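Geometric and topological summary
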Amino acid sequence: MKRTICPRCGSSNIDWIIPQVWSKWECKDCSYTGPAIEADDDLIAEIKADWEENKEKYLEEENIRAQQIASGEDEIMDEEMELEEEDELSDEELDEKLRELNL
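Residues numbered from 1 in each chain as written. Predicted model: local features only at pLDDT ≥ 70, side-chain atom pairs only at ≥ 80, totals over all residues. Heavy atoms only, no water.

**Observations concerning the nonpolar core**
Listed in full, the nine residues of the largest apolar core are Cys6, Cys9, Ile14, Trp25, Cys27, Cys30, Tyr32, Ala36 and Trp51. Excluding residues within four positions of it along the chain, Cys30 makes contact with Cys6, Arg8, Cys9, Trp51 and Leu59. (Core = buried A, V, L, I, M, F, W, Y, C linked by side-chain atoms within 4.5 Å. Buried < 20%, exposed > 50% of the residue type's maximum accessible area, 1.4 Å probe, protein only. Contact = heavy atoms within 4.5 Å.)

As structure tokens, this is what we get:
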């Protein structure tokens, strides 16, 4: 029999955050937020074993990621900012880039 569980820790103690968005679940045991999965007993046991073995590592990675986002050091944000800066070319700069590309 399959059950809906947290893909991080294997817990079934999860709730929909926003019912209109089916992929937004929150785990009450490990604070995971995201899509839930359907799993049978074997997969649940495997996920729970992995969680117990690596729980501290996963939580530390989550804390580091949260700190990066809060401090603006987040790589994704940096890449998006670089892309936005590239999009802000003047007409002259755009013409010059096109000439360089022989377009």
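**Let's talk about the side chain of Asn54**
When you line up the elements, Asn54 lands in helix H1 (residues 41-71). When its relative accessible area of 17% is taken as the criterion, Asn54 is described as buried. (Helix = DSSP H or I, 4+ residues; strand = E, 2+ residues; numbered from the N terminus.)

**Notes on the sheet that holds strand E2 (residues 14-16)**
Reading across the sheet, the three strands line up as E2-E3-E4 and stay open at both edges, with antiparallel pairing between neighbours. Two strands close off the open sheet at either side, each with one partner strand: E2 and strand E4 (33-34). Pairing of E2 with strand E3 (residues 25-27), which is carried by three bridges, proceeds in the antiparallel orientation. Residue pairing for E3: Asp15 is matched across the bridge by Glu26. (Pairing = 2+ DSSP bridges.)

**Points about the side chain of Ser11**
Tracing the sequence through the fold places Ser11 in the loop between strand E1 (3-5) and E2. Residue Ser11 is classed as buried on the basis of its relative accessible area of 8%. Of note is the side chain of Ser11, whose polar atom sits 2.5 Å from the side chain of Asp29. With sequence-adjacent residues up to four places away left out, Ser11 is seen in contact with Ile5, Cys6, Cys27, Asp29 and Lys48. (Polar contact = N/O pair within 3.5 Å; in protein donor to acceptor, adjacent residues only side chain to side chain.)

**Structural notes on the packing of aromatic side chains**
In this structure the tally under the stated criterion is two aromatic pairs. Ring plane angle 15 degrees and centroid distance 6.1 Å describe the contact between Trp51 and Tyr58, whose orientation is recorded as stacked. (Phe/Tyr/Trp six-rings, centres within 6.5 Å; stacked < 30°, edge-to-face > 60°.)

**Details of the pattern of salt bridges**
One side chain can pair with another of opposite charge once the charged atoms of both are near each other. Considering all chains together, one arrives at five salt bridges under this definition. In this structure, Lys28 engages Asp15 in a salt bridge whose closest nitrogen and oxygen atoms are separated by 3.6 Å. Of this pair, Lys28 sits in the loop between E3 and E4 while Asp15 sits in strand E2; the two residues are 13 residues apart in sequence, bridging distant segments of the chain. Lys28 gets classed as partly exposed once you look at its relative accessible area, which sits at 43%. Asp15 gets classed as partly exposed once you look at its relative accessible area, which sits at 37%. (Salt bridge = Lys/Arg side-chain N within 4 Å of Asp/Glu carboxyl O.)

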